[in-house]
Amino acid sequence: MAELILQDIRKSYGNAEVLKGVSRRIADGTFFTLLGPSGCGKTTLLRIIAGFVSPTQGAVYFNKDDITRVSPHQRGVGMVFQDYALFPDKNVFDNVAYGLRARKLSSKELQRKVPEYLEKVGLDGLGSRLPAEMSGGQRQRVALARALIIEPRVLLMDEPLSNLDASLRVQMRDVIRSLQLETRTTTIFVTHDQEEALAMSDEIAVMKNGCIDQCGPPTDVYRNPQTAYVSRFVGSANLLAAEFLAHGVDGMDRYRVQGTLVAGRTMDVAENGRYLMVARPENITIRMKNSEPVDGELEGRIASLQFQGYRTSFHVVLKSGEDLHVETVGEAETSALGRGNNVIVSIGEKCLFVPEASA
């Protein structure tokens, strides 16, 4: 187990700067997710931690040990890949035992530990099977057991669920998180799937163009996005241009949004004075238009809706022509609303305001 310290990690390929000074201290036992789109630098950062790629600048520490120039097999890391990377000619037992044999453990120790870890990942009794005889979810469990059995200082996972279907992804993320909590292994998990990140992580680092745009616990990143980019990438958000009016003594600043007065929290100062309102779909209420809108309300028309049992999603086109996504959960008063209805949407005070330049 180890605390992981990233110190001003930079990586360039020619004139292309892939990582632009990433620094972070990740506490021992943390499930830490690098979240972002393709090309943001998350996999390059993972490969630098693993030792497969050398940084152009900066250092990587496990506890107080500088392992920046240490070879991958000497770092004490376990790795789970997107494509499983199992040996096709070896059975499950031998795949899981591979790292232990490389460490010269006795046959007696192998016979004790391998079945123990197969049981941990739900593959008890399947040690004689070949990878080709197993489902994708089972192969991923084998890869997970192989990575954990060596008791790594740090476990690295590169998009490990992306090749699985939706139901298996949910099942495997529960397995991975349960084992991580049991072993308390410091884990770095790379994904572009925000649902995975929110469900599994102690901390999420949202990456953009080689930098960490925001980092923190899932609840904080979701509820308090510091930038428009984070608000759109983590969850769903409505973004509307806003004009700053005044600071409020109650901690809520006042803005004008599409002609109406809206109160909310300002996350950062916009140097050019241009802001965006961030409103989560579930924080907006909707009702039939039976009166004129007041402060904090906007008029629109329901372009479409989707009833999904416990919730209903509305696509509202505002009078300005801009789109708004609204979600209601178990609200009987919205059951009469239908496509084409003129409605009033209320923003409330859970909205945030971020610089327009942060998108």
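The paragraphs below set out a description of the structure included in this document. Predicted model, so just to flag it, every value in this text is computed and none were measured.

Some words on the sheet that holds strand β5 (residues 65–66)
Consider a sheet: its strands pair through backbone hydrogen bonds, and that pairing is either parallel or antiparallel.
Then, number 1: The strand order across the open sheet formed by four strands is β2-β1-β4-β5, and the pairing between neighbours is antiparallel. Looking along the sheet, the strands with just one partner apiece sit at the ends: β2 (16–26) and β5.
Then, number 2: As defined by bridge partners, strand β1 (residues 4–13) adjoins β2 across eight bridges and the pair is classed as antiparallel. By the bridge assignment, Ser12 is partnered in β2 with Glu17.
Then, number 3: Where helix α1 (residues 42–50) meets the sheet, its contacts fall on β1, β2 and β4 (57–62), and the angle it forms with β1 comes to roughly 120°.

Some points on the packing of helix α2 (residues 92–102) against helix α4 (residues 136–148)
Then, number 1: Two elements in contact, α2 and α4, have axes whose closest approach is 7 Å; the angle formed by their N-to-C orientations is 30°. Of the possible angle classes, the one that applies to α2 and α4 is roughly parallel. Of the two elements, α2 crosses α4, and the hand of that crossing is right-handed. From α2, Val92, Asn95 and Val96 reach across to α4, where they touch Val142, Ala145 and Arg146.
Then, number 2: Grouping the constituent residues of the contact of α2 with α4 by class yields four nonpolar, one polar and one charged.

Thresholds applied
Residues numbered from 1 in each chain as written. Predicted model: local features only at pLDDT ≥ 70, side-chain atom pairs only at ≥ 80, totals over all residues. Heavy atoms only, no water. Pairing = 2+ DSSP bridges. Helix = DSSP H or I, 4+ residues; strand = E, 2+ residues; numbered from the N terminus. Contact = heavy atoms within 4.5 Å. Axes fitted to C-alpha atoms, helices over the stretch in contact; angles between N-to-C directions. Parallel < 35°, antiparallel > 145°, perpendicular 65-115°, else oblique. Left-handed = near helix turned anticlockwise from the far one by under 90°. Nonpolar A, V, L, I, M, F, W, Y, C, P; charged D, E, K, R; others polar.

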